[in-house]
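# Examining the three-dimensional arrangement
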Amino acid sequence: MVGQGGVGGAGASVSSGAGYQARVAAFVLISSICEADTIFGPAKSISHVSFETRTSIDDLVLHLNDGSKSYIQAKATIGFSADGELKSVFQQFEAQDAAASGEERYFLVTSSRAAKRVTNELRLALEAFRSSPEVDFLRDQPQPIKDAIQTVRAMLNELRVAAKRDVDSEAIDRVIRKSGVVVLDIEAEETLEQSSILLLQSANYVSPRAVWGKAVADCITFAKGRRTLAVCEFARNYQMFRVTAAAEISEAVATELLRVELGSRDFPCAKEVVLAMALDDTLAPKGQPVVFEMRRFDSEGRELADFSKAPFLPNGAGPFDPVLRAATVAGLTRLIGERPELIEGNEVGVVELDTDEDLEAGPFALAHRQRLHNAFLQNDRPLRCLHCGQAIWEAVIQVVEIGDLSDPVVGLVHNKCLKPRDRVIGGANMPSAQAHPELVNFNANAWFEASNGGQRTFMNAQTIRTQPVVNLAWNNLAMRGPAGQCLVEIKTTDGGSEIVTLRNGLHRFTRNEAEQAVNEFNAAFERQRQSGDPMCYTDISKGFAPRSLLIQQFGAREKRREVAAASVRPYDRQLEGLHTRPGQWYAPLLYLRDKATEQPVAVGGGVLMLTDPMTLKEHLANWEETGFEIGDYELVAILSDAEFDNFMLWADAEELIVVVDALFDPSTQEIASGVIVMAMHRLSALKKQPKS
């Protein structure tokens, strides 16, 4: 289903069990040192990680700062069977509870490849049972959820008898309330692994893929040695792979995933240093650039210079047109060095402030410095430009103060967005942007948050693809009316049933739609039976296809359940939890937008999108070799399925298709690899066209 080893993995020699456990541990540790929240707790909440402990739940133990512990049993795949691996997992949970002291949680961590009864029914059942009284649970939950709890109760009861412990219903329910299922798709090349690599990149770790691979390999070593590792020790050991950002201003302030690491000085507040152009010959020849160094405050704490009016009148004289504004002479010098064309060919006049007084120690400067610190910390979108609102991914970032003196706004701006009246109070380097300049305006934080559980359709396409180019039909959900009150249920010959789903949830039909769908399903089922290749479901992944295709794709890994017939059944709200999983079906995705036209970059009628930002450089090289001119671009992230639907509506109206992860054959300019996404009605029309 996914590749093993490779640049992101720990090597093919790792067994799948140990490899998955190591990847889960690496995810926890990497998220911790990069200060990112995870499902296991907020940033900085984990102090130690224990590997292969001699406790009952022995894979991983997370020691939290509040004194509690989370015990993890990691299984890349697991079935829902009272006599299989699941019983072994709950045996460990029950034994740990019997020996427990203090607050504990028990987690079965698995992937989407596990049985759906584990990732859906059991996961939801444990969450619901833990968060509500039993009477409410039995009243409100659907029967499959209640059945899952009864199965676990019976399993735990049997385990307690085997362990020669008293049959205690309260103890059994206590174990259930401590337990949970976490779905973590962290194997090689999966979205969460890619996002973890990006997280390292964003936190200024060099060679992030190699660092991730080292973390996985190290976690295997830690497990062999039964190590208990402090997160701070892990961070120190990996510090050698991290480069820090040099900056002019001080006070290390965390800004989500990317950080502006500020130097040793406080925000400079007491001066105004301005580059301005003379508008007449009053103080300097017209058109001459002049640098003014001035006091900022008068004796009552008011600003001496008024930048809200035009023209600019420094020290009451003028007029001048402001070009750049900074807090220090050094800061303005840096800005001019980055924009030499502003003064090229001109003699620059300088009006210096003649004083030996420490202006930064004055009461008005001290008070305003605190306002700037507060404003910086209160900025809830610190990695977005204060002016255009887009993400910032630039080698050099400008930190600016804008707005009223009594209520300033402090944050970052793009170099192109910097306005003459923005007061630049510092600048910082962004090593990640220096290493990957192709990721123009990339929002690493939003990408990481959207990744877990996302891109399901592309993962599914990878599972069943039989050729390099795959066609996907986009179903236009955005154009559907109110959700119907009917479902389509498909019975299987073994007495089971499945509900037809759409993306990550139930497919709700109107009565007419459901009846039409049932007729079409049953006609297709009969045709397949007559051909000797009946439609089947797989028992774990719920793959739905003709038997021959499922054999090709899954081999003997999963059992096949032959389809009997489809029928209409009423919508039941209690089924929502069973058939709805977190995450996005298409998103997150990236596309390139032309800076001049602000239109998505398209070649041959196809808009180019990517599932992995770290492959952009490779794709750009292929597109250039193929002869496609990309031009000056920036990246736009599609972070939700709703955004993707809106984009596809636009693309369909423009008669464009979407091509995901496209690589081309330079000799023919034909697509050699990728996923083509187009509206279902267009794909159906293409298939109906007669072959020439």
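Residues numbered from 1 in each chain as written. Predicted model: local features only at pLDDT ≥ 70, side-chain atom pairs only at ≥ 80, totals over all residues. Heavy atoms only, no water.

This part covers the sheet that holds strand β20 (residues 544-546). Reading across from one edge, β16-β15-β21-β19-β20 is the order of the five strands in this open sheet, with antiparallel pairing throughout. Pairing within the sheet leaves two strands with one partner each, and these edge strands are β16 (497-499) and β20. Averaged over all pairs of adjacent strands, the angle between strand axes in this sheet comes to 45 degrees, irrespective of strand direction. By the bridge criterion, three bridges tie strand β19 (residues 535-538) to β20 in an arrangement that is antiparallel. If you follow Cys536 over to β20, its bridge partner there is Ala545. Here helix α15 (residues 511-530) sits on the sheet and contacts β15 (486-492), β19, β20 and β21 (560-570); the angle it forms with β21, its principal contact strand, is near 160 degrees. The strands touched by helix α16 (residues 547-554) are β19, β20 and β21; relative to β20, the strand with the most contacts, the crossing angle is about 115 degrees. (Pairing = 2+ DSSP bridges. Helix = DSSP H or I, 4+ residues; strand = E, 2+ residues; numbered from the N terminus. Axes fitted to C-alpha atoms, helices over the stretch in contact; angles between N-to-C directions. Contact = heavy atoms within 4.5 Å.)

Following the criterion strictly, the structure yields 38 salt bridges and no others. A salt bridge links Glu272 to Arg325; its shortest N-O distance comes to 2.7 Å. Here Glu272 is found in strand β7 (residues 271-278), whereas its partner Arg325 is found in strand β9 (residues 320-326), with 53 residues between them in sequence. Of the charged contacts, one joins Glu338 and Arg334 as a salt bridge, the two residues approaching to 3.0 Å between their closest N and O atoms. A residue pair is termed a helical-turn pair when its members lie 3 or 4 positions apart in one helix, as Glu338 and Arg334 do in helix α10 (residues 329-338) at four residues. Residues joined in a network through salt bridges with shared partners are Glu272, Arg296, Glu303, Arg325, Glu401 and Arg423. (Salt bridge = Lys/Arg side-chain N within 4 Å of Asp/Glu carboxyl O.)

With that settled, consider the state of the cysteines. Evaluation of the coordinates by the stated rule reveals zero disulfides. You can see Cys385 has no disulfide; the closest cysteine sulfur is in Cys417, sitting 3.9 Å from it. (Disulfide = S-S within 2.5 Å.)

Bringing the nonpolar core into the picture now. Membership of the largest hydrophobic core comes to 63 residues, with the highest contact counts inside it found for Phe442 and Leu592. Once residues lying within four places of it in the same chain are set aside, the contact partners of Phe442 are Leu198, Ala391, Ile392, Trp393, Trp447, Leu590, Pro613 and Leu635. If you look at the next biggest cluster of nonpolar residues, it comprises 45 residues, including Ala26, Phe27, Ala76 and Ile220. (Core = buried A, V, L, I, M, F, W, Y, C linked by side-chain atoms within 4.5 Å. Buried < 20%, exposed > 50% of the residue type's maximum accessible area, 1.4 Å probe, protein only.)

So, to be careful, I would describe these as geometric facts and stop short of saying anything about function.
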